[in-house]
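Remarks on the overall topology
What follows is each chain in one-letter form.
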Amino acid sequence: MSHKPSPKPWINAIHAYVPGKAHADDGSELVKLSANENPLGSSPAALAALAEAKAPAGYPDPDSGELRTAIGELHDIDPARLVCGTGSDELLNLAAQAYAGAGDEVLFSNFSFAVYEIAARRCGATPVIAPDVDYGTDVDALIAAITGKTRVVFVANPNNPTGSYLAASEIARLHAALPSDVLFVLDQAYAEYLTAEDDDGGLSLAADNANVLVTRTFSKIYGLAGERVGWATGHPDIIASLNRIRGPFNVTNHGQAAALAAVGDQAFVAASREHNAAERARFVEVIESLGNHGLRPLPSKANFLLVLFDGDLTAEQAYRALADGGYATRWLPGAGLPHGVRITIGTSEQMADVARILRELTETAQ
Ligand SMILES: Cc1ncc(COP(=O)(O)O)c(C=O)c1O
């Protein structure tokens, strides 16, 4: 009889995260519109900082001190209420691990970010999925799903993969309905794509309440996905609990240097937001013009569009044809969306080309 270590059953129950593709099935490289990265690249200031970052032989600052100070100044947050992570992924996982375990429930919406289920299962907790409303987060459904076992609620706003968004009043209504001993994790990975009027009030909620953690990332509008830097803010007790269990040197020298410089280049952030808004609006019009072929864009406040296919042209055909045309997008059967393709908003040229491919496809599919 062979003896070998067996992973815990809740670890075996995890379906590993499937990252956005960058290559076609034959191995050829594709333009990556599958991972919601910034098509404009990174801030020149961040690139310059990377070239001069502290030598890799030395460990990084374990507390990302300078970076936390800069984030604090930008958002008016006491650095004691901030923790940085190896991407916001690390912080989402730590939040679940610190506050939930076997016998507890971790609640999130249908069609929300795939990491929430992994984060729940990793710590032995039970993932509970509340129904969506027309692919968006349904606050009433989340409230109805709260039980005495709920320990953590995850909401992404704007949400991935749908792009849907809850206004500040809805976020406040959800928070007000949560028992005070439930941790509300508001994942704002795409928050910088919102205009100031669309601010969902999350940072204020985190400042004023002991049960709210807001997470942000440098992977999206800041264009630093490869450096793996995220941050979170909440009550100092929550931050202390995450600090206890995070990796001691969890943000690299290069990550800290690049993110610090990127925080200082808000002009790049604004330009990225404007580019995204203009290209997204143009692309929405294209998809709407193909409505008679069953294509529907879900309303998006993020840097991607989830396109639903309900006609002769299927999502799978569109996904494969876009790959043949040189573009990696995200077909989402594994997320319960076999009729959906999520497309990151790219450069103007890329979006015009994607639009052309989709138009031509609908013409031949009839
Ligand atoms: C909603 C949401 N949250 C968090 C993340 C994680 O980003 P990162 O770990 O790169 O900060 C992503 C990335 O796609 C996301 O879509």
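Sequence order sets the numbering: in each chain, residues are counted from 1 along the sequence as written. Note on the predicted model: pLDDT of at least 70 is required for a residue's local features to be given, and 80 or more for side-chain atom pairs to be given and counted; whole-chain, interface and lining totals, by contrast, use all residues. The side-chain quantities take in all heavy atoms of the structure and omit both hydrogens and water.

Observations concerning the pattern of salt bridges
- A pairing counts as a salt bridge when a side-chain nitrogen of Lys or Arg comes within 4 Å of a carboxyl oxygen of Asp or Glu. Throughout the structure, instances matching the rule amount to 15 salt bridges.
- As a salt-bridge pair, Arg-296 and Asp-134 come within 3.0 Å of each other at their nearest N and O atoms. Within this pair, whereas Arg-296 is found in strand S9 (residues 295-297), its partner Asp-134 is found in the loop between strand S4 (126-130) and helix H6 (139-144), the two being separated by 162 residues in sequence.
- Whether a residue is buried, partly exposed or exposed follows from its accessible area with a 1.4 Å probe, protein chains only, as a fraction of its type maximum: under 20%, in between, or over 50%, in that order. Residue Arg-296 is classed as partly exposed on the basis of its relative accessible area, which comes to 35%. Labels follow the DSSP assignment, with helices taken as runs of H or I lasting at least four residues and strands as runs of E lasting at least two, numbered in each case from the N terminus.

Some points on the environment of Glu-117
- Among the secondary structure elements, Glu-117 is positioned in helix H5 (residues 115-122).
- For Glu-117, a relative accessible area of 25% puts it in the partly exposed group.
- C-alpha separation for the pair Glu-117 and Val-106, spaced eleven residues apart in sequence, amounts to 8.2 Å.
- The contacts of Glu-117, once residues within four sequence positions are left out, are Phe-108, Pro-127 and Ile-129. Any pair of residues with heavy atoms lying within 4.5 Å of one another is described as a contacting pair.

Describing the sheet that holds strand S6 (residues 183-187)
- Pairing between strands is defined by DSSP: at least two bridges between them are needed. Spatial ordering of the open sheet is given by S2-S8-S7-S6-S5-S3-S4, a layout of seven strands whose pairing is mixed. Edge positions in the sheet fall to strand S2 (82-86) and S4, since each of these pairs with one other strand and no more. On average, each strand axis in the sheet is inclined to that of its neighbour by 25 degrees, with strand direction left out of account.
- Of the strand pairs in this sheet, S6 and strand S7 (residues 212-217) are connected by four bridges, and their pairing is parallel. Pairing of Val-185 across the sheet is with Leu-213, part of S7.
- In the packing of helix H7 (residues 168-177) onto the sheet, contacts are made with strand S5 (150-156), S6 and S7, and the angle to S6 comes to roughly 160 degrees. Structural elements are reduced to axes, namely lines fitted to C-alpha atoms, with helices fitted over the stretch in contact, and the angle between N-to-C directions of any two is expressed from 0 to 180 degrees.

Thoughts on the site of the ligand
- Close contacts around the ligand come from 14 residues, with Ser-88, Asn-160, Asp-187, Thr-217 and Ser-219 the closest.
- For the purposes of these results, a polar contact is taken to be a pair of N or O atoms within 3.5 Å, where, inside protein, one atom must be able to donate a hydrogen and its partner to accept one; residues adjacent in sequence count only when each atom of the pair is a side-chain atom. The side chain of Asp-187 places a nitrogen or oxygen atom 2.6 Å from a nitrogen atom of the ligand.
- Within the side chain of Lys-220, a nitrogen or oxygen atom sits 2.9 Å from an oxygen atom of the ligand.
- Only the protein chains shown count as cover for residues, and the accessible areas themselves come from Shrake-Rupley with a 1.4 Å probe. Protein chains bury 94% of the 400 Å² of accessible surface belonging to the ligand in isolation.
- Considering every element that reaches the shell around the ligand, the biggest residue donor is helix H4 (residues 87-99), with four residues.
- Residue classes follow a fixed rule: Ala, Val, Leu, Ile, Met, Phe, Trp, Tyr, Cys and Pro count as nonpolar, while Asp, Glu, Lys and Arg count as charged, and any other residue, Gly among them, counts as polar. Grouping the amino acids of the shell around the ligand by side-chain chemistry returns five nonpolar, five polar and four charged. Think of it this way: one heavy atom of a residue within 4 Å of a molecule or strand is enough to make that residue near it.

Quick notes on the packing of helix H3 (residues 65-75) against helix H10 (residues 253-263)
- Here H3 crosses H10 at 20 degrees, and the two axes come no closer than 9 Å. It follows from the interaxial angle that H3 and H10 lie roughly parallel. Viewed along their axes, H3 and H10 form a crossing whose handedness is left-handed. Residues Glu-66, Leu-67, Ala-70, Ile-71 and Leu-74 of H3 pack against Gln-256, Ala-259, Leu-260 and Val-263 of H10.
- Residues that form the contact of H3 with H10 fall into these classes: seven nonpolar, one polar and one charged. Our angle categories are set so that under 35 degrees counts as roughly parallel, over 145 as roughly antiparallel, 65 to 115 as roughly perpendicular, and the remainder as oblique. Crossing handedness: left-handed means the near helix sits turned counterclockwise from the far one by under a right angle, and right-handed means the same turn made clockwise.

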